[in-house]
Amino acid sequence: MSEATAAPGTAELDPFDAERVVGAEGLLGTFNAAGILSAADVHAALRIGRLTGATDELAVLGAAFAVRAPRFGHVFAAIRQLADTVVDEDGRVVELPAETWPDPDEWIAAVAGSPLVGADGPLHIEDDRLYLDRYWRNEQAVADAIVGRVGSGGSAVELSADGGRALDTLLSANVEQNAAAHAALRTGLSVIAGGPGTGKTSTVARMVGVALAHARVDGSPVRIAIGAFTGKAAARLGEAIRQAAEAIDPALAADGTVDVDGALAITPTTLHRLLGSMGSRTRFRHHAGNPLPFDLVIVDEVSMVSLSMLARLLEAMRPDATLVLVGDPDQLAAVEAGTVLGDIMAAADGTPLAEQVTTLQTNYRSDKGISTFAQLIRAGDVDGALAAMVRNPADPTAQAVSLVVPDRPGSWPHGTGTLAGVRGLLEPQVREAMRLGVSGDAEEALRTTMSAQVLCAHRRGVDGVTVWNAAVEGWAMDVPSYQRPEWYAGRPVMVSRNDYDLGVFNGDVGVAVETDGRLRVIIDGRDGAPIERRRLGSVQTVHAMTIHKSQGSEFDDVVVVLPTDPSPIVTRELLYTAVTRARRSVTVVATEDAVRRAISRPVTRASALPDRLRRALG
């Protein structure tokens, strides 16, 4: 294909486009011009071909798709399904003429017979599953480690009879939580699954307190670590555990039933810090040759954990240590490749692993209407979900779930017409936060800021975070954007980079307040004095935030903004995650078609972990 000629069935692209590889010929050039393969995919495949001596065009094309797969969350490229499922870099479905795609059998044979596949080759192929070798090894390692932890053996943690009775006492009101805690302290691996508000964290707090008081490993007190994928999640987990532990009857702590002080002394940390990151995402101080010293490791928000990270964690654990995975399998999956929590849950059905998985069902936090709506979304019940929503209410908080259809979908949110109720919810909150910020009332300013939140699927565009931030700020200030200061009392901010010296993490939310004539920022969940604003290196205004950034957070009222135009990132899991951030009310700003598309589009990622586990467990 010449430099200026587009592939059949594709639009002609700008030859100066940075994503176009001008020298790419044949099938690599065709799929690059179509926007399916990025420049990085093409260059990586060509380099791999040169290093291995692979010259077959189909084999090199396979390498490009194997490189591409993890970028879209897939563990491998499913060759037989690519023609029907592939999307471009913006997530749009790409329809190419059928003759553009190689014959799957010929393609598989070409890859299998090439130098790319072999004992030391960079690719691995099973049936039509084409992996980068490291992802195949990670998937196999996770499967082997989980299988080795199935059953009653494998755990060195010994819970005394008094400990069992202590769990029964502390968790007598909930059979599910009691079963989850007993399973976690009986086996080498357990899963505590459930939606927000089902008591996962309170179960963990009580379980940890009992384990510290009554569990032993070779006669010594049990050593416990608690981790989460992000710093924000770890900090929120620590605060939630503190609240749950302090809610335990003091008499039970006094008589030794539970060690509350010991539970409070454990500081949750990120998995990277737990494993001892050595400056990269793949190299850690703790590994099979230098395992973690802990007897019990608890990981929260496991839906955010990638396949690679779980592989490194399992590798770094002693064979007799206990691992407890906690999370909601229906929330958004990891940014990187894999859906490990969902895969484990899927593999548990009908196998011995089911005895080590407990799903908490009862919601203790959200309005019943919200939890019912969330279950309709999770079940893919489009008609039921739409029927549960009140249309265009004057007061969005007067009911649990409402749908606001903008008068002019896809245009700037002026806060008039059907959006007047949304403005009536958000504008007073922002003004009150500004008033409290000026007065220096940091705690009330933070509480007010965290009471209602706009959550958007996109960052950019008229339905995105940037526009909604500007719109809400404009409603409250009532001045043109060029007259608004960047910093002001009551400004809600989100940290976008970890700063371990300050104790703030990517995703932490706070508010600016005036103290001694200067603006400082108080961070939600962080102990200590407010931080001088100039010391915060990277923050952004968050009258609105992306749904991805909201994971792990809770608000009284949530406004969910879905794009008018079809978008492949707007999925069932995305909407479910947004809705379950709310305690009191959810207002979805979207057309009915946008809601239908979201609920009808579940996330699909290529992973063979469930198959591997089922085969091994029988």
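What you see as residue numbers is a count from 1 along each chain, following the sequence as written. Totals for whole chains, interfaces and linings use every residue, but because this is a predicted model, local features are given only for residues with pLDDT of at least 70 and side-chain atom pairs only at 80 or more, for both listing and counting. Each side-chain value is worked out from all heavy atoms of the structure, with water and hydrogens disregarded.

The name given to the chain in an unreviewed UniProt entry is RecBCD enzyme subunit RecD, with Euzebya pacifica as the source organism. UniProt positions are given in the numbering used here, feature names are shortened, and annotations may be inferred rather than shown by experiment. Taken directly from UniProt, the Subunit (unreviewed entry) text for the chain runs: "Heterotrimer of RecB, RecC and RecD. All subunits contribute to DNA-binding." The UniProt entry for the chain carries the following comment under Sequence similarities (unreviewed entry): "Belongs to the RecD family."

K.L.:
Which parts of the structure should I look at to understand the overall build of the chain?
P.N.:
Here a strand is any run of E in DSSP of at least two residues, a helix any run of H or I of at least four, and the numbering for each starts at the N terminus. Looking only at helices and strands, the chain features 23 helices and 23 strands. C-alpha atoms define the radius of gyration, and 2.2 Å times the number of residues to the power 0.38 defines the globule rule. For the chain, whose C-alpha radius of gyration is 26 Å, the value lies close to the compact-globule estimate of 25 Å for 618 residues. Its C-alpha atoms give the chain principal-axis dimensions of roughly 75 × 70 × 50 Å. Under the scheme applied here, a residue whose accessible area is under 20% of the maximum for its type counts as buried, over 50% as exposed, and between as partly exposed, the area being computed with a 1.4 Å probe on protein chains only. When burial is assessed residue by residue, the chain has 56% of its 618 residues classed as buried. Throughout, a contact is declared for two residues whenever any of their heavy atoms are within 4.5 Å. Relative to all contacts within the chain whose residues are 6 or more apart in sequence, the contacts with residues 24 or more apart total 72%. Only the protein chains shown count as cover for residues, and all accessible areas are computed by the Shrake-Rupley method using a 1.4 Å probe. Surface accessibility of the chain: about 25500 Å² in total, with carbon and sulfur atoms responsible for 49%.

K.L.:
Where do I start with the packing of helix H8 (residues 175-184) against helix H9 (residues 200-214) in this structure?
P.N.:
Two quantities define a packed helix pair, namely the angle between the helix axes and the distance between the axes. Where H8 meets H9, the closest approach of the two axes is 10 Å, and the angle between their N-to-C directions is 50°. In this view, H8 runs oblique relative to H9, as classed from their interaxial angle. Between H8 and H9 the crossing geometry is right-handed. Residue-level contacts link Gln177, Ala180, Ala181 and Ala184 of H8 to Ser202, Thr203 and Met207 of H9. Fitted lines through C-alpha atoms give the axes, limited to the stretch in contact for helices. The angle between two N-to-C directions lies from 0 to 180 degrees. Comment on the angle field: the value is read as roughly parallel under 35 degrees, roughly antiparallel over 145, roughly perpendicular from 65 to 115, and oblique elsewhere. Less than a right angle of anticlockwise turn of the near helix away from the far helix marks a crossing as left-handed, whereas a clockwise turn marks it as right-handed.

K.L.:
So what exactly am I meant to see when it comes to the pattern of salt bridges here?
P.N.:
Throughout this description, the term salt bridge denotes a Lys or Arg side-chain nitrogen within 4 Å of a carboxyl oxygen of Asp or Glu. Inspection of the entire model under this criterion finds 23 salt bridges. Ionic pairing is found between Asp556 and Arg583, a salt bridge with its closest N-O pair at 3.1 Å. In this pair, Asp556 sits in strand S22 (residues 555-561) while Arg583 sits in strand S23 (residues 582-589), placing the two residues 27 residues apart along the sequence. Under the relative-accessibility criterion, Arg583 is labelled partly exposed at 28%. Residues participating in the shared-partner salt-bridge network are Arg223, Asp295, Arg318 and Asp320.

K.L.:
What am I meant to see in the domain arrangement of the chain here?
P.N.:
Interface size, as often reported, equals the accessible area lost upon joining of the parts. Throughout the structure description, domain borders are defined by an automatic or database domain assignment. Split by domain assignment, the chain resolves into domain 1 (26-127), domain 2 (143-364) and domain 3 (368-600). With centres defined by C-alpha atoms, the gap from domain 1 to domain 2 works out at 38 Å. Each partner contributes residues to the interface: domain 1 has four residues there, and domain 2 has four residues. Of all residues in domain 1, Pro70, Gly73 and Val75 give up the largest surface area on contact with domain 2, accounting jointly for 93% of the area buried on that side. Applying the counting rule to domain 1 against domain 2 returns zero salt bridges. Whenever two N or O atoms come within 3.5 Å, that pair is a polar contact, provided that in protein one can donate a hydrogen and the other can accept it, and provided that, for residues adjacent in sequence, both atoms are side-chain atoms. Our count for the contact surface shared by domain 1 and domain 2 stands at zero residue pairs in polar contact (both at pLDDT 80 or more). Polarity classes work like this: nonpolar for Ala, Val, Leu, Ile, Met, Phe, Trp, Tyr, Cys and Pro, charged for Asp, Glu, Lys and Arg, and polar for all others, with Gly in that last group. Considering only residue class, the side of domain 1 that touches domain 2 consists of two nonpolar, two polar and no charged. Simply put, the buried area is the total loss of 1.4 Å probe accessible area from both parts when two parts are fitted together.

K.L.:
Would you mind showing me how to read the sheet that holds strand S17 (residues 509-515) here?
P.N.:
By way of backbone hydrogen bonds, the strands of a sheet pair with one another, either parallel or antiparallel. The pairing criterion for strands is at least two bridges between them, as found by DSSP. Taken in spatial order, the five strands make up an open sheet running S19-S18-S17-S16-S20, and their pairing is antiparallel. Of all strands in the sheet, those with a lone pairing partner are strand S19 (531-532) and strand S20 (539-541), marking the two edges. Where strand S16 (residues 492-495) lies against S17, three bridges are found, and the strand directions are antiparallel. Across the sheet, the residue bridging to Pro492 is Val511, located in S17. Here helix H19 (residues 442-449) sits on the sheet and contacts S16, S17 and strand S18 (518-523); the angle it forms with S17, its principal contact strand, is near 145°.

K.L.:
I would appreciate a short explanation of helix H18 (residues 420-439) in the present structure.
P.N.:
Side chains of residues three or four places apart in an α-helix project in the same direction, reflecting 3.6 residues per turn. The first and last C-alpha atoms of H18 sit 29 Å apart over 20 residues, in line with the 28 Å expected at 1.5 Å per residue. When H18 is considered as a whole, its buried residues turn out to be Gly421, Val422, Leu425, Leu426, Glu427, Gln429, Val430, Ala433, Met434, Leu436 and Gly437. In this analysis, the expected span of each helix is defined as 1.5 Å times one less than the number of residues it contains.

K.L.:
Got a minute to help me understand the pairing of S22 in this structure?
P.N.:
Burial analysis of S22 places six of its seven residues in the buried class, the great majority of the element. Sheet topology note: the strand S15 (residues 452-456)/S22 ladder contains five bridges and is parallel. Looking at S22, one finds that Ala452 is bridged to Asp557. With six bridges joining them, S22 and S23 adopt parallel strand pairing. Across the sheet, the residue bridging to Val559 is Thr587, located in S23. Remark: the S22/helix H21 (residues 572-579)/S23 crossover connection has right-handed handedness. Throughout, right-handed denotes a crossover for which the path from the first strand over the helix to the second runs clockwise when the strands point away from the viewer.

K.L.:
Help me understand the side chain of Arg612 in this model?
P.N.:
Relative to the helices and strands, Arg612 is located in helix H23 (residues 609-617). A relative accessible area of 6% places Arg612 in the buried class. Contacts of Arg612, omitting those with residues within four sequence positions, involve Glu126, Tyr131, Trp136, Glu139, Gln140 and Ala143.

K.L.:
Help me understand the pairing of S18 in this model?
P.N.:
In summary, the side chains of a regular strand alternate between the two faces of the sheet. Burial of S18 is extensive: five of the six residues sit out of reach of the surface. With six bridges joining them, S17 and S18 adopt antiparallel strand pairing. Bridged to Val511 within S18 is Ile522. Counted along the chain from S17 to the antiparallel partner S18, the turn is two residues long, and its residue Asp516 has a positive phi close to 55°. Taken together, the two bridges between S18 and S19 define a ladder with antiparallel strand orientation. Bridging from a neighbouring strand, Val521 pairs with Ile531 of S19.

K.L.:
Just to check I follow, could you spell out the sheet that holds strand S2 (residues 123-126) for this structure?
P.N.:
With antiparallel pairing, three strands are arranged side by side in an open sheet as S1-S3-S2. Strands at the two margins of the open sheet, each flanked by one partner only, are strand S1 (77-78) and S2. Relative to strand S3 (residues 129-132), S2 runs antiparallel, the two sharing four bridges. Following the sheet pairing, Ile125 is matched in S3 by Leu130.

K.L.:
What's the story with the side chain of Asp133 in this structure? I'm lost.
P.N.:
Residue placement: Asp133 occurs in helix H6 (residues 133-148). Using a relative accessible area of 12% as the deciding quantity, one classes Asp133 as buried. Once residues lying within four places of it in the same chain are set aside, the contact partners of Asp133 are Gly121, Pro122, Leu123 and His124.

K.L.:
Looking at this structure, I do not really get the packing of helix H7 (residues 161-170) against H8. What am I missing?
P.N.:
Where H7 meets H8, the closest approach of the two axes is 9 Å, and the angle between their N-to-C directions is 155°. As far as their axial angle goes, H8 and H7 are roughly antiparallel. Along this stretch, H7 crosses H8, giving a crossing that reads as right-handed. Residues Gly164, Leu167 and Asp168 of H7 form the contact with H8, whose own contacting residues are Asn178, Ala181 and His182. Residues that form the contact of H7 with H8 fall into these classes: two nonpolar, three polar and one charged.

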